[in-house]
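This is what each chain is made of:
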Amino acid sequence: MKIEHMVLGAVATNCYLVINEKTKEAIVVDPADRADVILRKAAEKDVTLRAIFLTHGHGDHILAVPELREKAGIPVYACRAEEALLQDPKQNLTSMLFGKPLSLKADILADDGEELNVGGMRFRLLFTPGHTPGGCCYYNEEDGVLFSGDTLFAGSVGRTDFPGGSMKTLMRSLAEKILCLPDSVRVYPGHQEDTTIGEERLCNPYFREY
Ligand SMILES: [Zn+2]
């Protein structure tokens with residue numbers, strides 16, 4: 001698995017192109033903005049796009065979804081618990097913060113622990129509410145890779161002051177679903193640089209009590 005990183009949109013969101021190097025298939029994680037840039041990157045890497053994975057429904061992670069879904073003809077995956085937020089421009093902040101009201105319907109709504117086999121790559125959806133009611137992470141065990149969205153950052157965690165957010169719920173998600181992963185797992189968050197589970201377990205100030 002090879003991961004190409006793009007920083008897109010008004011608040012510098014990480015969008016990842018996750019490539020199966022054997023089959024030249026790829027998944028886009030959080031198409032934040034600029035479908036043209038994402039499509040150009042896919043063409044440059046000579047890969048066929050198979051799916052869009054959303055870690056959550058906030059506007060800064062989804063603005064390129066409609067155009068990318070249509071042009072590439074690929075399905076959108078999200079956590080079932082995020083369905084309402086995706087459809088509501090108020091809750092997903094697209095009307096308030098981004099001035100582009102967007103109501104999205106995912107093609108595939110997955111549940112906690114569900115295995116997703118896409119483009120010859122296997123991911124487990126980890127339901128990690130707290131930043132949003134239906135936020136999730138995508139975990140690939142073979143390569144030890146986690147896409148953590150705005151649940152976990154290098155040295156921090158997601159904010160919980162948006163509609164449906166809860167710090168208590170977020171900390172429970174992190175304790176039960178994320179901190180139990182192996183130290184070596186590389187974490188690719190929704191903003192800023194990547195990290196590892198081990199590094200965060202040791203250094204992240206939010207995990208002192210764990
Ligand atoms: Zn967010």
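First, a word on what this report is: a plain description of the structure on this page. (Residues numbered from 1 in each chain as written. Predicted model: local features only at pLDDT ≥ 70, side-chain atom pairs only at ≥ 80, totals over all residues.)

### Details of the sheet that holds strand S1 (residues 2-8)
Strand pairing in a sheet relies on backbone hydrogen bonds. The paired strands run either parallel or antiparallel.
Then step 1. The strand order across the open sheet built from 6 strands is S1-S2-S3-S4-S5-S6, with neighbouring strands paired in mixed fashion. Of all strands in the sheet, those bounded by a partner on one side alone are S1 and strand S6 (108-110). Each adjacent strand pair in this sheet contributes to an overall mean axis angle of 25°, direction not counted.
Then step 2. Of the strand pairs in this sheet, strand S3 (residues 25-29) and strand S4 (residues 48-53) are connected by 5 bridges, and their pairing is parallel. Looking at S4, one finds that Val28 is bridged to Ile52.
Then step 3. Set on the sheet, helix H1 (residues 35-44) makes contact with S1, strand S2 (13-20), S3 and S4; between it and S1 the angle comes to about 155°.
Then step 4. Strands in contact with helix H3 (residues 65-72) are S3, S4 and strand S5 (76-79); relative to S4, the strand with the most contacts, it is inclined by about 145°. (Pairing = 2+ DSSP bridges. Helix = DSSP H or I, 4+ residues; strand = E, 2+ residues; numbered from the N terminus. Axes fitted to C-alpha atoms, helices over the stretch in contact; angles between N-to-C directions. Contact = placed C-beta atoms within 7 Å.)

### Here's the deal with the sheet that holds strand S9 (residues 136-140)
Then step 1. As summarised here, the arrangement of the 6 strands in space is S7-S8-S9-S10-S13-S14, forming an open sheet in which the pairing is mixed. At either end of the open sheet lies a strand with only one pairing partner, and these are strand S7 (115-118) and strand S14 (195-196).
Then step 2. Bridge count for S9 against strand S10 (residues 145-149) is 3 bridges, and the pairing is antiparallel. Considered in S10, the bridge of Tyr138 is made with Phe147.

### Description of the nonpolar core
Then step 1. Grouped together as the largest cluster of nonpolar side chains are 61 residues, with contacts concentrated most on Ile27, Val28, Val29, Ile52, Phe53 and Tyr77.
Then step 2. The residues touching Tyr77, leaving out its near neighbours within four places in the chain, are Ala51, Ile52, Phe53, Leu54, Ala106, Ile108, Ala110 and Leu116. (Core = buried A, V, L, I, M, F, W, Y, C linked by C-beta atoms within 7 Å. Buried ≥ 20, exposed ≤ 12 C-beta atoms within 10 Å, placed from the backbone.)

### Some thoughts on the environment of Asp33
Then step 1. Among the secondary structure elements, Asp33 is positioned in the loop between S3 and H1.
Then step 2. Take Asp33: there are 26 C-beta atoms within 10 Å of it, and that puts it in the buried class.
Then step 3. Counting along the chain gives 28 residues from Asp33 to His61, while the straight-line C-alpha distance between them is 7.4 Å.
Then step 4. Excluding its chain neighbours within four sequence positions, the residues that come into contact with Asp33 are Leu8, Gly9, Leu63 and Ala64.

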